[in-house]
Amino acid sequence: MRARAIFRESWRNFASGASGSVGVVLVLSVVGGVLGCLDASAVGTAHQEVQQYLSSAADTRVVISTGRVSPSACDSLSARADTTGSGALRDSGSTRLPAAPGLSISTYEVSAGFVSLVLTKGDQTGMVMSAELAGRLGYQTGDLVETSSGPVRLSGVFDWPDDGRDARLHYALLVSSESVPAFDECWARIEPGHGQAYYDELLSATLLATLDAGSNVQLGQVNNTHGKDLSPSALVNDRVTKLAWLAALLGGACIGVFAVWQRRLSLSSNLHAGARRADLLATVLVEDLFCVVSSGMVATGSAAAVLAFSPFADELAELLVRSVLVTGWCLLGFVIGSLAYAATTRESQLFRLFKSR
Amino acid sequence: MHGGLDGSSDGPAIVGSGLGHSFGQQWLFRNLSFRLVAGEAVAVCGPSGCGKTTLLSILARWLAPSEGELARYGVARVSWVFQNPHGVARRSAVDHVVYPLLARGLSVEEAERGASDLMEQFSIGKVADHPFSALSGGEAQRLMLARAVAASPDVLLVDEPTAQLDRSSARTVNQTMGKIAGSGSIVVVATHDQDTMTACDRIIDLQAER
């Protein structure tokens, strides 16, 4: 058959619904779209879990050893590629401000790097206070805070919600100090997924050597409510829908086989009418492409709408690509299934099919 | 036009020698010998279950005979028209006839023109654009004959073409089969309709071959 004749037959079969096109497009869209959305949602959930882990400071590791933390060693951890911030801290008792003489405020001396751990913007030297405390006292960034030793400009206000993280900073004043030779704690925000031994080794390296064999060293997290560690890549790779592509491929293949099976009488009749097998396969392939394009558009559009109104809307583009990939496997399976079954159609089946009709 | 016993002729020929077919111990027919030549319309008759359709299957080589030999000469294409017309419900009537012409390599325009001509010849031109599902039994049967003819068969096997038709439609179908044979094909019709037998050149009575 000529190419135009094949296109004509395929289009008429598709447009008239003779090939069951409406049902095929609908089922392909649902199977491909649902599996795609499920996989995208699973990835979105994993991303959210990672985001929650990071935003709750669960990735901030701590070593505590009184008077043994080197501020320079601790601050320099943030120069590492897998560490996004680090700094040292020590408890300096409580402060009473003239503005609230009845209020005892926990105060900590911190190294220069520490402020960057809690404050992502603004001047990271001087004095910073937690948002809870600033709210209570009515201070904002840049205000002059009266202290017993004179007025000090408030460099910044940091959020420290009560979400399971170290509660000491929830209501605290941090004062940057460069003159402290040794701190009590080193905090470092380290990319998760490396394992506890790695964090312990990294943080222990910030401790000053001591002859006191009995000095106490504690290693831990700022917030351990989300687990000790988390591997972002493993969360995505081990998601429950990681084989969605395979399910989509097999599902698509089954749909393809069924789509050809339900019109096997008509296909064997076409062979009987003189069509070569190559003509038959070419016609089925072009019909498949019409179905693939239609189903792809419906499934992608539906997935975009579903994901746009999901909790993962802020990463719509990335998740939509994931969804489309799964849908693509489904459509590929459909083409393979339909062509494979069409290839088994024989003219001689016509008699048996007709008799069993 | 008529060939020799070896099958040599100007057109296709089929020679059956001592053909028989059985299902288990039950013989449908035995010792059946015949020679079919181009331009001939042959009726295969007998009561239901005597093996008419089975004989057509053997002629189409979709079934091997239990005994005897079948030789086909110059037969490249066999078309079969079933008792119950089978078409694609949603496709137009004319599309059913266009397809075999496209399969023969004609252009879309040539095939559409040829199909229209055939539809007129078979007196179904008026329903050319109707979907197959909207055709009457007689129209559908004539459409299937037109489709079979469009494939340019050397042998046309027709199974009970008038079984479900009214007298007028049956007469048209019988005339149509005569025309097809006249164009140089071998037409073999399984039937127990007396009018169809009368319209054919020759009769093979399977009842007599049991």
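Look up: the structure comes first, before these words.
Everything in this summary refers to the structure shown in the same document. Within every chain, residues take consecutive numbers counted from 1 along the sequence as written. Throughout, the order in which chains and ligands are written sets their labels, letters from A for the former and numbers from 1 for the latter. Side-chain atom pairs in this predicted model are given and counted only at pLDDT of 80 or more, local residue features only at pLDDT of at least 70, and totals for whole chains, interfaces and linings cover all residues. For side-chain calculations, the full set of non-hydrogen atoms in the structure is used, while hydrogens and water are omitted.

1. Some remarks on the pattern of salt bridges
Oppositely charged side chains are able to pair whenever their charged atoms sit close together. For salt bridges, the criterion is a side-chain nitrogen of Lys or Arg within 4 Å of an Asp or Glu carboxyl oxygen. Inspection of the entire model under this criterion finds 21 salt bridges over all chains. With a closest N to O distance of 3.1 Å, Glu112(B) and Arg8(A) form a salt bridge. Residue Glu112(B) is found in helix H3 (residues 108-121), and its partner Arg8(A) is found in helix H1 (residues 3-16); the two belong to separate chains. In this structure, Glu160(B) engages Lys52(B) in a salt bridge whose closest nitrogen and oxygen atoms are separated by 3.7 Å. Note that Glu160(B) is positioned in the loop between strand S6 (155-159) and helix H5 (167-182) and Lys52(B) in helix H1 (residues 52-59), a separation of 108 residues in sequence. Take Lys52(B): its relative accessible area is 6%, and that puts it in the buried class. Helix numbers and strand numbers start at the N terminus; a helix is a DSSP run of H or I with at least 4 residues, a strand a run of E with at least 2. Burial classes follow relative accessibility: with a 1.4 Å probe on protein chains only, a residue under 20% of its type's maximum area counts as buried, one over 50% as exposed, and anything between as partly exposed.

2. So, the interface of chain A and chain B
Reports of interface size often rely on the accessible area that becomes lost once the parts have come together. Contacts are assigned to residue pairs with any non-hydrogen atoms lying within 4.5 Å of each other. Of the residues lining the interface, 28 residues belong to chain A; the matching set on chain B comes to 31 residues. Buried area counts how much accessible surface, traced with a 1.4 Å probe, disappears from two parts once they are put together, with both parts' losses summed. When chain A packs against chain B, the two sides together hide about 2,600 Å² of surface, and 55% of this comes from carbon and sulfur. Applying the counting criterion to the chain A and chain B interface returns six salt bridges. Contacts described as polar in this section are N or O atom pairs within 3.5 Å, which, within protein, must combine one atom able to donate a hydrogen with one able to accept it, while residues neighboring in sequence count only if both atoms come from side chains. Remark: the boundary between chain A and chain B carries 12 residue pairs in polar contact (both at pLDDT 80 or more). For the side of chain A that touches chain B, the secondary structure elements donating two or more residues are H1, helix H9 (264-272) and helix H12 (349-355) of chain A. With seven residues, the top contributor of residues to the side of chain A that touches chain B is H1(A).

3. Concerning the sheet that holds strand S3 (residues 100-110) of chain A
Residue and element names in this part refer to chain A. If you walk across this open sheet you meet the nine strands as S5-S6-S4-S7-S3-S2-S8-S1-S9, and the pairing is mixed. The sheet terminates laterally at strand S5 (144-147) and strand S9 (218-221), the two strands that pair on one side only. Each neighbouring strand pair of the sheet contributes to a mean axis angle of 35°, computed without reference to strand direction. For two strands to be treated as a pair, DSSP must find no fewer than two bridges joining them. The pairing of strand S2 (residues 83-97) with S3 spans six bridges and is antiparallel. Bridge pairing in S3 links Thr 95 to Ile 105. Each axis is a line fitted through C-alpha atoms, taken for helices only over the stretch in contact, and angles between the N-to-C directions span 0 to 180 degrees.

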